[in-house]
Amino acid sequence: MHRAVAIITAMVFASGTAVAQTDQSCIAFEDALAISVDVNPQIEGAEAERDLARANLLATLSQDRPQVVLFAQTGEGDGRLQNNQRDNQVGIQLQQTLYNFGANRMARASAQEQVQAAEYSIAETQVRVAQETGTAYLEALRSAAIQVLTEEQEQYNLQDALTADERLRAQAITIADASQVKASAAIATSQRIDATLVRDQALTRLALLLDFDSACTSGLSAFIYADDTEEVIERETLDSILDVAARNAASLKRAQSQIRSARATTEQNRRAGLPVISFQAFAAYEEDIDINGPTGEFITRDRIGLNVTSQLYSGGLGKARVDDSLARLRSANSELTSARIALEDNVTRAWVRIKAQQQTLEALADARINYRTQLDSIQSEYRIGTRPLGDVVQAAERYYSTASQEINTRYQYYNNLFTLRTTVFGLDE
């Protein structure tokens, strides 16, 4: 039912030539969404945050791997046991953490969750960018339809104004009626100029979002996209839509990953003061020194063993880190709650508006058709002299006002459909 109304509306409010050229040569609605995701710098910023999280994960993983250090030193000084002491040494050292009560494991888990959160952030940003582009695309279509309507209204009123001059010279109408018609024509011209400006601004904004020198839109592709969305929504209830949205929402998944990351970081910081057991070994060559001083020969100094270290006091650094991670955990929990409320609010409002606008569009379409019939009838009666010119003016105002309201409501309806679809299902291929 809604598909038929959409196609009829497109045929009524746009010329056949314009529609054909637009649908054949202009970018389709879904293609515009895909292009905007490719070119928008917000996506690149989100991907950069993901790359930073991956780099942090690599740094965290290195804590579980052997650390190999090459060292060399030389020096000379005075000592109590021997004068002119020299300590020339070169070697290599290996250290491997064996056990630290799971601190490294918690750090790794936290870093992995941060990478996952960054991936969800990319998906969230893609949806936001696509929604911005889709809204701009629909606004370009709406403003173009309004511009076509105002051109028709201007031509209609100008024709009436010419007729008014002829009838005024023939003294068939009053000066007041003629002035009313001319004023209506002037207002129609002003509305057409304003509508043209709004259309040009909408196309310019869409071109910026798509990184095109110029952009035009395909009404047919938007109507098909809306019809496909209607078919999905008509099979669902609000509760089922909310369940699907909660499962798919990248914002909720990102917040959940941040919660898990904050919990792991908290556990890591709590283990910071516990003992650390590590394996250590080094091989070195050191200049031999006897009672008479350096001999000029090098001897081997090798060592292998286990180290147990425990930080007894850090000036409050450990507590500060725990407090910081707990605060981050509270913030992540709050963000999850806020994201869930925002998601439910967006879905519910879009759903309610769609259901209301479906009925409104049917009523407006019926009113527009009847007002058009009335206008044509009154116009015919005016031409044969059985209707005053004021009746024609009023009938035209009723028709064009209703037609304009229908166009605006229709594209609000399309935008709500689009917002609901992308919010609930994200971006499909």
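What you are looking at is a predicted structure, and each value in this text was computed from that prediction instead of being measured. (Residues numbered from 1 in each chain as written. Predicted model: local features only at pLDDT ≥ 70, side-chain atom pairs only at ≥ 80, totals over all residues. Heavy atoms only, no water.)

(A) Spotlight on the overall build of the protein. A tally of helices and strands in the protein yields eleven helices and six strands. Counting only residues that meet the buried cut, the protein has 37% of its 429 residues in that class. Here the analysis covers contacts within the protein between residues at least 6 apart in sequence; of these, 82% occur between residues at least 24 apart. Of the roughly 23800 Å² that the protein leaves accessible, carbon and sulfur atoms contribute 52%. (Helix = DSSP H or I, 4+ residues; strand = E, 2+ residues; numbered from the N terminus. Buried < 20%, exposed > 50% of the residue type's maximum accessible area, 1.4 Å probe, protein only. Contact = heavy atoms within 4.5 Å. Areas by Shrake-Rupley, 256 points an atom, 1.4 Å probe, with all protein chains shown as cover.)

(B) Main features of the nonpolar core. Among the nonpolar cores identified, the biggest contains 67 residues, and Phe29, Tyr137, Leu138, Tyr411, Tyr414 and Leu420 are the most heavily contacted of them. Elements with a contribution of two residues or more to this core: helix H3 (29-39), helix H5 (103-169), helix H6 (175-210), helix H7 (219-234), helix H8 (238-248), helix H9 (250-270), helix H10 (317-383) and helix H11 (389-425). The element contributing the most residues to this core is H11, with 16 residues. Among all residues touching tyrosine 411, those that are not within four sequence positions of it are Leu138, Leu141, Arg142, Ala145 and Phe223. Judged by nonpolar contacts, the second largest core, of five residues, contains Ala53, Ala111, Val115 and Ala118. (Core = buried A, V, L, I, M, F, W, Y, C linked by side-chain atoms within 4.5 Å.)

(C) Looking closely at the environment of leucine 417. By the element assignment, leucine 417 lies in helix H11. For leucine 417, a relative accessible area of 1% translates into the label buried. Between the C-alpha atoms of leucine 417 and alanine 350, which are 67 residues apart in sequence, the distance is 7.3 Å. Beyond its immediate stretch of four places on either side in the chain, leucine 417 contacts Ala226, Thr229, Glu230, Ile233 and Ile354.

(D) View of the pattern of salt bridges. Throughout the structure, instances matching the rule amount to 22 salt bridges. Linking arginine 254 and glutamate 124 is a salt bridge whose minimum nitrogen-to-oxygen distance equals 2.6 Å. Taken together, the positions of arginine 254 in helix H9 and glutamate 124 in helix H5 put the pair 130 residues apart, joining distant regions of the chain. Here arginine 387 and aspartate 391 are joined by a salt bridge, their closest N and O atoms 3.0 Å apart. Take arginine 387: its relative accessible area is 31%, and that puts it in the partly exposed class. Judged by its relative accessible area of 22%, aspartate 391 is partly exposed. Each of Arg50, Asp51, Arg54 and Glu119 takes part in a single network of salt bridges with overlapping partners. (Salt bridge = Lys/Arg side-chain N within 4 Å of Asp/Glu carboxyl O.)

(E) Summary view of a nonpolar patch on the surface. Together, Leu98, Tyr99, Phe101, Leu274, Ile277, Leu306 and Val308 make up an exposed nonpolar region whose accessible area comes to about 650 Å². At the level of secondary structure, the elements contributing two or more residues to the nonpolar patch comprise strand E4 (89-99) and strand E6 (293-309). Residue position: valine 308 is located in strand E6. Among the residues examined, valine 308 registers a relative accessible area of 61% and is labelled exposed. (Patch = residues over 30% accessible without salt bridge, like charges linked within 9 Å, V, L, I, M, F, W, Y side chains within 5 Å.)

(F) Region of interest: the environment of tyrosine 285. Inspection of the secondary structure puts tyrosine 285 in strand E5 (residues 276-290). In this structure the C-alpha to C-alpha distance between tyrosine 285 and glutamine 89, which are 196 residues apart in sequence, comes to 5.6 Å. Not counting chain neighbours up to four residues away, the residues in contact with tyrosine 285 comprise Asn88, Gln89, Val90, Phe298, Ile299 and Thr300.

(G) Summary view of unusual backbone geometry. Residues other than glycine seldom take positive phi values, yet phenylalanine 101 does so here, at roughly 60 degrees. Position of phenylalanine 101 among the secondary structure elements: in the loop between E4 and H5. Notably, aspartate 211 is not glycine yet its phi reads approximately 60 degrees, a positive angle. Within the secondary structure layout, aspartate 211 lies in the loop between H6 and H7.

(H) How the structure looks around the environment of glutamine 412. Along the chain, the position of glutamine 412 falls in helix H11. Along the backbone, glutamine 412 and leucine 138 are 274 residues apart, and their C-alpha atoms lie at a distance of 8.6 Å.

(I) Summary view of the state of the cysteines. Overall, the coordinates contain one disulfide when judged by the stated rule. Each sulfur of the disulfide joining cysteine 26 and cysteine 216 lies 1.7 Å from the other. Because the torsion about its S-S bond is -110 degrees, the bridge between cysteine 26 and cysteine 216 counts as left-handed. Note that cysteine 26 is positioned in the loop between helix H2 (16-25) and H3 and cysteine 216 in the loop between H6 and H7, a separation of 190 residues in sequence. Judged by its relative accessible area of 13%, cysteine 26 is buried. (Disulfide = S-S within 2.5 Å.)

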